[in-house]
Amino acid sequence: MYKKILYPTDFSEVAEMVLKHVKAFKNLGGEEVILLHIVDENDIKKKDIFSLLLGVAGLNKSIEEFENELKKKLSEKAKDKMKKIKKELEDVGFKVKDIVTVGSPHEKIVEIAEEENVDVIIIGSHGKTNLKDILLGSVTENVIKKSDKPVLIVRRE
Ligand SMILES: Nc1ncnc2c1ncn2[C@@H]1O[C@H](COP(=O)(O)OP(=O)(O)OP(=O)(O)O)[C@@H](O)[C@H]1O
Ligand SMILES: [Mg+2]
């Protein structure tokens, strides 16, 4: 029933913990994992402001050029980080498709879950921010609000 799994990761400690639960699905009929990272568009915008303040804008680059370079760099970095996770999943017998895209994390997760027609989304309760008194991170909260797919939320320790 849960053949195709969507595993979104922001490479945080909590998202790393999710991996063992994804692997456990191999013995529950799991066949394929869509490994997904979204380069957060908002982070790029924030970096823009910083770079402007730091005078990077004075380097004769347009904001657009700067943004595109940053998107490319962050996407390459993410692809690289995914290699190890992809290999681990392949080693337990999954077929793996790795996707890196730019946008709003929760919107892309919901969109790709539909497009790829996954059977389940396995996600961390928290991510990089990991605030102590928050029950769920905003990405996970929005995914459970907006996706029709079953969602397995792995709690932080
Ligand atoms: N950019 C991303 N790409 C892929 N998956 C993500 C991304 N951001 C978050 N996730 C997934 O969502 C889970 C929860 O992260 P979320 O961002 O909601 O929590 P947070 O970082 O603690 O809080 P917030 O982002 O609201 O400040 C992560 O463990 C990860 O599985
Ligand atoms: Mg986050």
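Residues numbered from 1 in each chain as written. Chains lettered and ligands numbered in written order. Predicted model: local features only at pLDDT ≥ 70, side-chain atom pairs only at ≥ 80, totals over all residues. Heavy atoms only, no water.

## Brief notes about helix H2 (residues 41-53)
Then, number 1: Here H2 is 13 residues long and its end C-alpha atoms lie 19 Å apart, about the 18 Å a rise of 1.5 Å per residue gives.
Then, number 2: Along H2, the residues classified as buried are Ile 44, Asp 48 and Ser 51. Within H2, the buried residues cover an arc of 75° as seen down the axis, which keeps them to one side. For H2, exposure combined with an orientation more than 90 degrees from the buried face picks out Asn 42, Ile 49, Phe 50 and Leu 53.
Then, number 3: Next to the buried residues of H2 lie strand S2 (32-40) and helix H3 (63-91).
Then, number 4: Where H2 begins, the capping side chain belongs to Asp 40, and its oxygen is found 2.9 Å from the backbone nitrogen of Asn 42. (Helix = DSSP H or I, 4+ residues; strand = E, 2+ residues; numbered from the N terminus. Expected span 1.5 Å × (residues − 1). Buried < 20%, exposed > 50% of the residue type's maximum accessible area, 1.4 Å probe, protein only. Arc of directions from axis to C-beta. Contact = heavy atoms within 4.5 Å. Polar contact = N/O pair within 3.5 Å; in protein donor to acceptor, adjacent residues only side chain to side chain.)

## So, the nonpolar core
Then, number 1: In terms of nonpolar packing, the biggest core is built from 24 residues, with Ile 5, Tyr 7, Val 22, Leu 89 and Ile 122 touching the most fellow members.
Then, number 2: When contributions to this core are tallied by element, the ones reaching two or more residues are strand S1 (4-8), helix H1 (13-24), S2, H3, strand S3 (95-103) and strand S4 (120-124).
Then, number 3: Counting residues per element, this core draws most heavily on H3, at six residues.
Then, number 4: When residues no more than four places from it in sequence are discounted, the contact partners of Ile 5 are Val 22, Phe 25, Gly 30, Glu 32, Val 33, Ile 34, Phe 94, Val 118, Val 120 and Ile 122. (Core = buried A, V, L, I, M, F, W, Y, C linked by side-chain atoms within 4.5 Å.)

## Quick word on the pattern of salt bridges
Then, number 1: If you walk through the whole model with that rule in mind, you get 15 salt bridges.
Then, number 2: Two residues, Asp 80 and Lys 83, come together in a salt bridge whose shortest N-O distance is 3.1 Å. Taken as a pair, Asp 80 and Lys 83 lie in helix H3 at a separation of three residues, close to a single helical turn.
Then, number 3: Look at Asp 80 and you get partly exposed, because its relative accessible area is 46%.
Then, number 4: The residue Lys 145 makes a salt bridge to Glu 141 at a minimum N-O spacing of 2.9 Å. (Salt bridge = Lys/Arg side-chain N within 4 Å of Asp/Glu carboxyl O.)

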